[in-house]
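Okay, here's what each chain looks like letter by letter:
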Amino acid sequence: MEDWVTIRKLKAKNPEMSLRDIGKMLQVSHHTVKSALGRASPPEYDMSGRENPKLAPFKEVIFEMANVKRFRGSRIFEELRSKGYTGGKTAFYAYLDKVKIEAQKHYTPYETLPGEQSQFDWSPYTVPIGGELTPVKIFSYVNGFSRTQIFEVSLSEDQGSVFEAMENSLVESGGVPGRIQTDNAKVFVKNPSKNNFQWNERYLHFCGHYGFEPSRSLPGHPWSKGKVEKPFQYLEDHFISGSSFESFEDLHSKLKAFGHRVGTRVHATIRATPESLLGEDQKAFSALPETRYIGIKEEIRKVTFDCLFSFGGSRYSAPWMFAGKQIWIRVAKGYYLEAYSQANKLIARHKLAMTRGSCVIEKAHYRGNRSDVGNFDRLRGMFLEVFPGYELFLEKLQAQKRINARRHLSQFLELAKLYEKEDMVNVIGVCMEYNVYNGSFVSGYLEKNCRHALTLPREPFIYHLSAIEATREGVTCDLSEYQLNQQSEEGA
């Protein structure tokens, strides 16, 4: 082919040159020159008719071992060597590629009933955030029946971040499916082998808390969760490619907006929009538990009396009513530091400090100790709007605290935002019974005897404790968080 190109190019530039002159220059026969100039296309040679004489005696053996016994090429080559083959590997593998029949992959579509199955997976990407290329992990959660897809993003893919993404997806879906299909990542599976398969213990705790059955795809079988695998290509083509973001929050908000757009387009398989069918899934979902899951890498910290707790060499503020008390902390999305009360309610959220020794403070956490919250008469009016008929409580508080009455009443009103009204009415009675009108006393009593009101309304949920009981030693939080309520026990 190279000669054909050279001959035609040389003749085009030198039309007066004879065939013999061109042949002498290129050291080829003038007949070759004549043949090349007479061809309109480059020469092609059919190599299929050629047969390697060293492989000829083994043709039937190679075919049988490759297509019947399904031996690997290296195994077939060793077998041929033992039978007297003296040729090389290159010729052998070239022939093997010709005779080996590749198995055609085909899959049977598998559809699930409403609320029966969801699928979960994630993929790493590198995107520009604030002008710098930043590695992120995007999680995808797909409800099998409606094809509703929920995206979450994190800077980390540790077990805490994975569980958080799955947890947020369950909340956004509005319920818990019968089972969730995952791959064999270490956060889910301790040993993926068929003969000695073992789930990750913490993942079983998580499944037990939310009440769904864990399900996994076998290694090398990504098509068994194709509903969550395929949409990543659409995400890459229509969201990741060519996009840049001002901040992590900007990435998160735009990703959520993209997920909403995906949910409103007609899906090619179900011939409907996922959002229109989500209601069918939600009818079949189990109810969500009232509290989030604890047990990944949460740590306990004690809040100092200046309302600060430490993490990673830096200090962060917590609301004043938790001064001197223990709280749970955890890293969320690899970007935030979250603090939770012992009642398992979010009380503070900070961006992680980039340098050690930082002090991250939210001024609102000190609101209960401020002296500029307003005069006592203004606070009295706010109190009576919420708790009419309790003027006697205010009179006794003012008589006992005198100069500090405004601060203690302000603390009481702050606590009223966190707890149910009936709990606050109950603590008013306790204060009057023991003649104690101290903000710290009210906070401590509520913390020990009441639950925060900052909870989305949920239906009673029957906890599945089999996984938790099977691995009790690995639980890092108080097991009372997993107790069945009275209604659930009677129903069971």
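Quick caveat: nothing in here was measured; it's all calculated off a predicted structure.

Colleague: What is the right way to read the sheet that holds strand E8 (residues 299–302) from this model?
Modeller: Within a sheet, neighbouring strands are paired by backbone hydrogen bonds and run either parallel or antiparallel to one another. Across the sheet, 4 strands lie side by side as E8-E11-E12-E13; this open sheet has antiparallel pairing. Two strands bound the open sheet, and with one partner strand each, they are E8 and strand E13 (346–351). Mean inter-strand twist for the sheet, computed between neighbouring axes without regard to direction, equals 30°. Note that E8 and strand E11 (residues 326–332) share 4 bridges and pair antiparallel. Paired with isoleucine 300 across the bridge in E11 is tryptophan 328.

Colleague: Looking at this model, I keep getting lost on unusual backbone geometry. Mind explaining?
Modeller: Glycine aside, a negative phi is what most residues show, and trans is what most peptide bonds show. Backbone geometry at glutamine 27 places phi at a positive 60°, although glycine is not the residue there. Position of glutamine 27 relative to the elements: it lies in the loop between helix H2 (19–26) and helix H3 (30–38). On the accessibility criterion, glutamine 27 (75% relative accessible area) is exposed. A positive phi angle, close to 50°, is found at arginine 402, a residue other than glycine.

Colleague: When you look at the nonpolar core in this model, what are you seeing that I'm missing?
Modeller: For soluble globular proteins, nonpolar side chains are generally found buried alongside one another. Counting 37 residues, the largest nonpolar core has Phe383, Phe393 and Phe412 as the members making the most contacts within it. For this core, the leading source of residues is helix H15 (residues 405–416), giving 5 residues. Dropping the residues within four chain positions of it, phenylalanine 383 is found in contact with Tyr390, Phe393, Leu394, Leu409, Phe412, Leu413 and Ile428. Formed by 25 residues, the second largest nonpolar core is a distinct cluster that contains Phe139, Val187, Tyr203 and Leu288.

Colleague: I keep staring at helix H8 (residues 201–210) and nothing clicks. Help me out?
Modeller: Residue pairs three or four apart in sequence face the same way in an α-helix, which turns once every 3.6 residues. Counting buried positions along H8 yields 8 of 10 residues, so the element is predominantly enclosed. Those residues of H8 lying buried are Tyr203, Leu204, His205, Phe206, Cys207, Gly208, His209 and Tyr210. You can read the cap of H8 off the contacts: a side-chain oxygen lies 2.9 Å from the backbone nitrogen of arginine 202, and it is on asparagine 200.

Thresholds applied
Residues numbered from 1 in each chain as written. Predicted model: local features only at pLDDT ≥ 70, side-chain atom pairs only at ≥ 80, totals over all residues. Heavy atoms only, no water. Pairing = 2+ DSSP bridges. Helix = DSSP H or I, 4+ residues; strand = E, 2+ residues; numbered from the N terminus. Axes fitted to C-alpha atoms, helices over the stretch in contact; angles between N-to-C directions. Buried < 20%, exposed > 50% of the residue type's maximum accessible area, 1.4 Å probe, protein only. Core = buried A, V, L, I, M, F, W, Y, C linked by side-chain atoms within 4.5 Å. Contact = heavy atoms within 4.5 Å. Polar contact = N/O pair within 3.5 Å; in protein donor to acceptor, adjacent residues only side chain to side chain.

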